[in-house]
Amino acid sequence: MTMTENRHFAEDDLLLISGIQHYAFCPRQWGLIHIEQQWAENVLTFEGRQMHRRADDPYFSETRGDVLVSRAMPLVSYRLGLYGVADVVEFHAVIDPDEKNKVKLKGRRGWWIPYPVEYKRGNRKPDDCDEVQLCAQAMALEEMLNVRVEEGALFYGERERRVPVRFDSVLRERVHRLAEDMHRHFAGGRTAEAVYEPKCTRCSLEALCQPKSNSRSASRYLQNYLSDLSASSD
Amino acid sequence: MRKLLNTLYITAPDSYLARDGENVVVRKEDQIAFRIPIHNLESIIMFGYAGASPSFMHLCMERGVSVSFLQENGKYLGSVVGNVKGNVLLRRRQYRMADGPEAVTLASRFVFAKIANSRTVLRRALRDHEESIMSENVVRSSDFLKRYMRRVLASATLDDVRGVEGDAARRYFSSFNELILTDKEHFCMRGRNRRPPLDRVNAMLSFLYALLRTDVQSALETVGLDPAVGFLHRDRPGRQSLALDLMEELRGYMVDRLVLSLINRKQINPKDFLFKENGAVLLKPDLKKELIASWQKRKHEEIRHPFLKEKIALGLLPYAQALLLARYIRGDLDDYPPFLWK
């Protein structure tokens, strides 16, 4: 158990839950979006928005067999200090009275198991930023419903594939640490420095971040201009 | 660097802009004159009184496309830009620097680059038109500007910086006439005047500076800086001082050159100007259209940015410099690298 599990954030200090995927991908990307409030729309984010539009109607819930599908569910975790909206939370009906991780739902009969599903454009990524975001949602659900959430799924638009994700202790510990780092960064008010890496080409904020120019010195640039000026005869 | 999107200029005062789904629709006399998807645009600039529907403005704000309103003569009235972008901590740092010793540093960088780029306008003309230019005067001015460049970096106060800037500007514009190689009878400049412009060259400069200014202002807003709080220009209600600061380094390269080449290539008809009884010079509507078209064309030319060392559309220069300025203010860069054209 870490320190964070006993910590309770004030409402005013909550950060966006969706930011944890940015932070897991790159702390600077998160800083540019959440501290600098910069957002560069490109084709990828545009497609992502279009896909989400369908999943985003909170006034629409449906039952498919024994699965209740709830869209755009507001979430909060005061332990992680995160809030936001889950694309989709499914509730799977349970018959087995011995099932441990089940809850009652307001206005519904029977017992249910919450199962968060996050929609992602494109394909599975080489890093764990999607898993981390989903796990943070699950942890918020746990706090709100007072139930253990063991599994959820990521739905990848490109191949229309559903990938189940287990919320094990390793993933949970990572979520805790990332949330803690985000809060430390946010309190400091400073965006992380740019480090150029191969993954920068996958980032919609590359043009804004200019990771390659970070190592460049502006005072040297001015000095060079001056020495060229002295060297020229005109 | 990000892609340069289009700026939509509305010059016909009887136009009306509306939204149709994801498109901007321009109507004239109840007919659809033009239609463009919003994602192709980065800003919309309206001259004179054109109408616009609230849902059109809603679309623009949602997509971060700024809508600027200018009077027919190019005087800026204001913009619709949606939520204030950027970080309040960044703006606070900007304000602190504006009141601190960094103000002199930044002001001297802007003016240094302004003089350097003005000087390059002169040097380029000397190089390209050696035989047709009365070079003595131009060479002398260039030497003066070189001295002013050193002097401005050694300035200890904002008043010193402003003093050098004024001297350099007078010196530069006193040679500007030499760079006009054709029809000197009609295109003749006697120093820089703007309220109102008193000759054709000044009228064109003023109009294009106004276009540059809206670009610089929206670039500053995009990166989260406050265009009203400057370093070189003093705060004054209604004045976008930082936009004026950042313009200094871009005027010569983006506007002065364009005006010179339009005149020297005989693309400007001297009859396209209106002379008022008191000497004020106005541009006729067709000439405005011509200037806007040339400006747009030039903005899509590619250049290599001297500090970023990458190819960008010339029209992104205001954005690139605003971004670098924000990075200096944030503390990411050890100095502000102004745009220096060689």
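About the thresholds
- Residues numbered from 1 in each chain as written.
- Chains lettered and ligands numbered in written order.
- Predicted model: local features only at pLDDT ≥ 70, side-chain atom pairs only at ≥ 80, totals over all residues.
- Heavy atoms only, no water.
- Helix = DSSP H or I, 4+ residues; strand = E, 2+ residues; numbered from the N terminus.
- Rg over C-alpha atoms; globule rule 2.2 N^0.38 Å.
- Buried < 20%, exposed > 50% of the residue type's maximum accessible area, 1.4 Å probe, protein only.
- Contact = heavy atoms within 4.5 Å.
- Areas by Shrake-Rupley, 256 points an atom, 1.4 Å probe, with all protein chains shown as cover.
- Axes fitted to C-alpha atoms, helices over the stretch in contact; angles between N-to-C directions.
- Parallel < 35°, antiparallel > 145°, perpendicular 65-115°, else oblique.
- Left-handed = near helix turned anticlockwise from the far one by under 90°.
- Nonpolar A, V, L, I, M, F, W, Y, C, P; charged D, E, K, R; others polar.
- Pairing = 2+ DSSP bridges.
- Patch = residues over 30% accessible without salt bridge, like charges linked within 9 Å, V, L, I, M, F, W, Y side chains within 5 Å.
- Salt bridge = Lys/Arg side-chain N within 4 Å of Asp/Glu carboxyl O.
- Lys, Arg positive; Asp, Glu negative; His and termini not counted.
- Charge placed at Lys NZ, Arg CZ, Asp CG, Glu CD.
- Phe/Tyr/Trp six-rings, centres within 6.5 Å; stacked < 30°, edge-to-face > 60°.
- Lys NZ or Arg CZ within 6 Å of the ring centre and 35° of its normal.
- UniProt positions renumbered as here; feature names shortened; annotations may be inferred.
- pLDDT = per-residue confidence, 0-100.
- Polar contact = N/O pair within 3.5 Å; in protein donor to acceptor, adjacent residues only side chain to side chain.

*Asks:* Describe the overall build of chain B, and please don't skip the residues or the numbers.
*Replies:* The helix and strand tally for chain B stands at nine helices and 12 strands. A globule of 342 residues ought to have a C-alpha radius of gyration of about 20 Å, and chain B, at 20 Å, matches this closely. Its C-alpha atoms give chain B principal-axis dimensions of about 60 × 50 × 40 Å. Residues counted as buried form 58% of the 342 residues belonging to chain B. The contacts in chain B between residues at least 6 apart in sequence include a share of 62% that link residues at least 24 apart. Carbon and sulfur atoms make up 49% of the accessible area of chain B, which totals about 15000 Å².

*Asks:* Please give an account of the packing of helix H7 (residues 218-231) of chain A against helix H3 (residues 102-128) of chain B that cites residues and values.
*Replies:* Running from amino to carboxyl end, H7(A) crosses H3(B) at an angle of 40 degrees, the nearest separation of the two axes being 13 Å. When the interaxial angle is binned, H7(A) and H3(B) end up oblique. The handedness of the crossing between H7(A) and H3(B) is left-handed. Two secondary-structure elements touch here, H7(A) through A:Leu222, A:Tyr225, A:Leu226 and A:Leu229 and H3(B) through B:Arg109, B:Phe112, B:Ala116, B:Arg119 and B:Thr120. Its residues placed into classes, the contact of H7(A) with H3(B) shows six nonpolar, one polar and two charged.

*Asks:* Can you lay out the sheet that holds strand E7 (residues 66-70) of chain B for me, pointing to particular residues and giving the numbers?
*Replies:* Residue and element names in this part refer to chain B. Taken together, four strands build an open sheet; the order of strands is E1-E5-E7-E8 and the sheet is mixed. Both outer strands of the open sheet, strand E1 (6-10) and strand E8 (76-80), are each paired with one neighbouring strand and no more. When the angles between neighbouring strand axes are averaged without regard to direction, this sheet yields 20 degrees. Lying on the sheet, helix H1 (residues 54-62) is in contact with strand E5 (41-47), E7 and E8; it crosses E7 at an angle near 125 degrees. On top of the sheet, helix H8 (residues 285-299) reaches E1 and E5; it is set at about 175 degrees to E1, its chief contact.

*Asks:* Tell me about a positive patch on the surface, and please be specific about residues and values.
*Replies:* All names here are of chain B. A cluster of basic side chains, namely Lys75, Arg194, Arg195 and Arg236, defines a positive patch on the protein surface. In this structure, Arg195 sits in the loop between helix H5 (158-176) and helix H6 (200-223). Using a relative accessible area of 73% as the deciding quantity, one classes Arg195 as exposed.

*Asks:* Tell me what's going on with the packing of aromatic side chains, and back it up with residues and numbers.
*Replies:* Here the structure, examined in full by the defined rule, presents 12 aromatic pairs over all chains. Ring centres 5.2 Å apart and planes at 75 degrees place the aromatic pair A:Tyr221 and B:Phe307 in the edge-to-face group. Of the two residues, A:Tyr221 sits in helix H7 while B:Phe307 sits in the loop between strand E11 (302-304) and strand E12 (311-313), which places them in two different chains. Taken as a pair, A:Tyr221 and B:Phe307 share a single burial class, namely buried. Between the aromatic rings of A:Tyr225 and B:Phe112, the centroid separation amounts to 5.9 Å while the plane-to-plane angle is 80 degrees, which identifies the pairing as edge-to-face. Here B:Phe112 lies in helix H3 and A:Tyr225 lies in helix H7, a pairing that spans two chains. Overall, B:Phe112 belongs to the buried group, its relative accessible area being 0%. Members of the aromatic cluster, joined through ring pairs, are A:Tyr23, A:Trp30 and A:Phe186. The lysine or arginine in question, A:Lys102, covers the ring of A:Trp111, its NZ or CZ lying 4.7 Å from the ring centre.

*Asks:* Give a detailed account of the UniProt feature "domain: DUF83" (unreviewed entry) in chain A, specifying residues and quantitative values.
*Replies:* UniProt feature "domain: DUF83" (unreviewed entry): in the numbering of this structure it lies at residues 115-210 of chain A. End C-alpha to end C-alpha, residues 115-210 of chain A measures 39 Å, and it is 43% helix and 19% strand.

*Asks:* Run through the sheet that holds strand E4 (residues 31-37) of chain B, naming residues and quoting values.
*Replies:* Residues and elements named next belong to chain B. Taken in spatial order, the four strands make up an open sheet running E4-E3-E2-E6, and their pairing is mixed. Of all strands in the sheet, those bounded by a partner on one side alone are E4 and strand E6 (51-52). Bridge count for strand E2 (residues 15-20) against strand E3 (residues 23-28) is six bridges, and the pairing is antiparallel. Considered in E3, the bridge of Arg19 is made with Val24. Strands E2, E3 and E6 of the sheet are contacted by H1, whose axis makes an angle of about 65 degrees with E2.

*Asks:* Give me the confidence of the model for chain B: which residues, what numbers.
*Replies:* Residues and elements named next belong to chain B. When pLDDT is averaged along chain B, the result is 88, and 97% of the positions lie at 70 or above. The secondary-structure element of chain B with the lowest mean pLDDT is E8, recorded at 78, while helix H7 (residues 241-264) shows the highest, at 95. Note on the complex model: pTM 0.78, ipTM 0.78.

*Asks:* Describe the environment of B:Arg127, with residues and values.
*Replies:* All names here are of chain B. Looking at the element boundaries, Arg127 is found in helix H3. The class of Arg127 is exposed, set by a relative accessible area of 54%. The spacing of Arg127 and Leu225 is 98 residues in sequence and 39 Å in space, taken between C-alpha atoms. Looking at Arg127, its side chain comes within polar contact range of the side chain of Asp128, at 3.2 Å.

*Asks:* I'd like a rundown of the pairing of E7(B), residues and numbers included.
*Replies:* Residues and elements named next belong to chain B. By the criterion of burial, E7 is predominantly enclosed, with four of the five residues buried. Here five bridges tie E5 to E7, and the two strands are oriented parallel to one another. Within E7, the residue paired with Ile44 across the bridge is Val67. Bridge analysis of E7 against E8 gives four bridges, and the strand direction is antiparallel. Its bridge partner being in E8, Val67 is matched across the sheet by Val80.

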